[in-house]
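Notes for the structure review
Chain by chain, the residues:
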Amino acid sequence: MSEEAHEIYTEAAQVWNPNKVDVFHGFGVEMVMGERQGSVFKDLDGNSYINMHSNGGVFNLGHRNQEVIDALIDGLGKVDAGNHYFPSAYKNEACEKLLAVSPQNMKYVCFHNGGGESIDAAVKFARYATKRKRVVSLDCSFHGSTGIAMEAGSEVFSEFWGMKPDPQWYTHVPYNDLDALEQVLKLGDTAAVLIETIPATAGFPMPTEGYHKGVEELAHKYGALYIADEVQTGLLRSGEMWCCCKYGATPDMIVTGKGLSGGVYPMSAVIMSEESGSWLHKDGFAQVSSFTASELGCIVVSKVMDILTRPQTVENVQMLTQVFGDGLAQIQEKHSDFLVEVRQCGVIMGLHTAHPMGGMALMAALMKNGIWAVFADYDRSTLQFKPGLLMPRETAEDVLARLDVALGQAKMLAESGQLDGVM
Ligand SMILES: Cc1ncc(COP(=O)(O)O)c(C=O)c1O
């Protein structure tokens, strides 16, 4: 292990995050990212890792995408973060590009700097529009660490912080259960049904047929707004711009983030229907933040949207969907006693194993084989498998070959009990 990385870890344990350092030591690694480009990053020793986590989609367009960097550098020659009081051509352009790829009912865009912040905002917009307060969300979702987003997510984190959500304001229901949703909606006090289109932190369990359309219809039947959390599933990862639309649903608000940043400038957004944006006519200053719709950020967003809407990008996602679909089916057949289910929607993938710690073991084994992928935090039997949209075919094939090797190692590691108590 590199001396430089060891020094960084020792210092990090003192000034940054002792527990994170401990956890990585439990896995026997001291990873510090060095050079990075496209689908690959290196550690400080120069070992390469193919990024199959993409930081949840932050690196949707790969590391250090040259076009995004050029747009940002060009922008720095002209503007800065700008001022949240004033409109700007850069802001208008970014809004228009997002609206152009969204359902026709969408009319406005409100930018922030992280997904949690935009989830908080979307819920507030729904509460203002409906004059109600309850949020119904899934018990297996993660929507961010900010206030409302944390309370709407699985109770794991709100319990940790001693901030158990008030049951008059929040109700959690099981995924894929429209009856449970309707029971809550019948109370007639729900402002928003907030649904992560495919719950990432639960390991991407796939929706049942008609689920999202059913959510939309039930929300509207009982006077609530439907917010689609597309932070992990949006921006073409499903093969379509918004995954909820691929499943035939039209939400009242779409929340996007992560990849909107191009991997370089934190940006997130709430895309709103006329009703959801009703607050904008009453008090446009009611939702302010210093860096909202930063001009530099908007320049990055516009470039990201240009890349996402190119036919070559769409074709690459289709190619990756096919290569991973076919390859994973073959690998699963070979490792069927351990890899019990492959979940896939475009390049959103979850590898579900037979062992309760199988996802964690697979993460450790893949790392030894030069791949970075992360287990699902709410289901450690499952690994999240998320390539960037622009990954070349050869890299995808390389990933599959390495996965084949790592699966045998992961099974042994999971069964050895070595990972018990690491987290
Ligand atoms: C589905 C989903 N929604 C919201 C968020 C919050 O985004 P951020 O971390 O940018 O606040 C995340 C973060 O991982 C997420 O996975």
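My aim in this report is to walk through the structure given alongside it, one point at a time.

1. Thoughts on the site of the ligand
Neighbouring residues of the ligand: Gly114, Gly115, Gly116, Phe142, His143, Gly144, Glu196, Asp229, Val231, Gln232 and Lys258. Asp229 is positioned such that a nitrogen or oxygen atom in its side chain is 2.7 Å from a nitrogen atom of the ligand. Here Lys258 contributes a side-chain N or O atom positioned 2.9 Å from an oxygen atom of the ligand. Considering the ligand on its own, with 390 Å² of exposed area, one finds that the protein chains cover 79% of that surface. Of the residues contributing to the shell around the ligand, the split by class is two nonpolar, six polar and three charged.

2. Considerations on the pattern of salt bridges
A full pass over the atoms with the stated rule returns 17 salt bridges. Between Asp306 and Lys97 there is a salt bridge, with the nearest N and O atoms lying 2.9 Å from each other. Here Lys97 lies in helix α4 (residues 89-100) and Asp306 lies in helix α12 (residues 295-308), a separation of 209 residues in the sequence. The class for Asp306 is partly exposed, based on a relative accessible area of 28%. By relative accessible area, Lys97 is classed as partly exposed at 22%. When the shortest N-O distance is used, the salt bridge between Arg393 and Glu397 registers 4.0 Å. Here Arg393 and its partner Glu397 are both found in helix α15 (residues 393-416), four residues apart, which amounts to about one turn of the helix. Since its relative accessible area comes to 41%, Glu397 is described here as partly exposed. Overlapping salt bridges bring together Glu93, Lys97 and Asp306 as one network.

3. Brief notes about a negative patch on the surface
Residues Glu3, Glu4, Glu7 and Glu11 make up a contiguous surface patch of negative charge. Checked against the element boundaries, Glu3 lands in helix α1 (residues 3-15). Residue Glu3 is classed as exposed on the basis of its relative accessible area, which comes to 66%.

4. Thoughts on the nonpolar core
Formed by 113 residues in total, the largest nonpolar core has its most connected members in Phe27, Leu98, Phe111, Phe324 and Phe385. For Phe385, the residues in contact, after removing those within four places along its chain, are Met52, Phe324, Leu328, Val347, Ile348, Met349, Leu351, Leu366, Ala373, Val399 and Leu403. By size, the runner-up hydrophobic cluster in this structure holds 23 residues, among which are Val123, Phe125, Ala192 and Leu225.

5. Thoughts on the packing of aromatic side chains
Inspection of the entire model under this criterion finds eight aromatic pairs. Judged by centre distance (6.2 Å) and plane angle (45°), the rings of Tyr85 and Phe285 are tilted. One end of the pair, Tyr85, is in the loop between α3 (66-76) and α4; the other, Phe285, is in the loop between α11 (279-282) and α12, with 200 residues separating them in the sequence. For the pair Phe142 and Phe157, a centre-to-centre distance of 5.8 Å together with 70° between the ring planes defines the contact as edge-to-face. Highlighted residues: Phe142 in the loop between β5 (134-138) and α6 (147-152) and Phe157 in helix α7 (residues 155-160), separated in sequence by 15 residues.

The rules behind these values
Residues numbered from 1 in each chain as written. Predicted model: local features only at pLDDT ≥ 70, side-chain atom pairs only at ≥ 80, totals over all residues. Heavy atoms only, no water. Near = heavy atom within 4 Å. Polar contact = N/O pair within 3.5 Å; in protein donor to acceptor, adjacent residues only side chain to side chain. Areas by Shrake-Rupley, 256 points an atom, 1.4 Å probe, with all protein chains shown as cover. Nonpolar A, V, L, I, M, F, W, Y, C, P; charged D, E, K, R; others polar. Salt bridge = Lys/Arg side-chain N within 4 Å of Asp/Glu carboxyl O. Helix = DSSP H or I, 4+ residues; strand = E, 2+ residues; numbered from the N terminus. Buried < 20%, exposed > 50% of the residue type's maximum accessible area, 1.4 Å probe, protein only. Patch = residues over 30% accessible without salt bridge, like charges linked within 9 Å, V, L, I, M, F, W, Y side chains within 5 Å. Lys, Arg positive; Asp, Glu negative; His and termini not counted. Charge placed at Lys NZ, Arg CZ, Asp CG, Glu CD. Core = buried A, V, L, I, M, F, W, Y, C linked by side-chain atoms within 4.5 Å. Contact = heavy atoms within 4.5 Å. Phe/Tyr/Trp six-rings, centres within 6.5 Å; stacked < 30°, edge-to-face > 60°.

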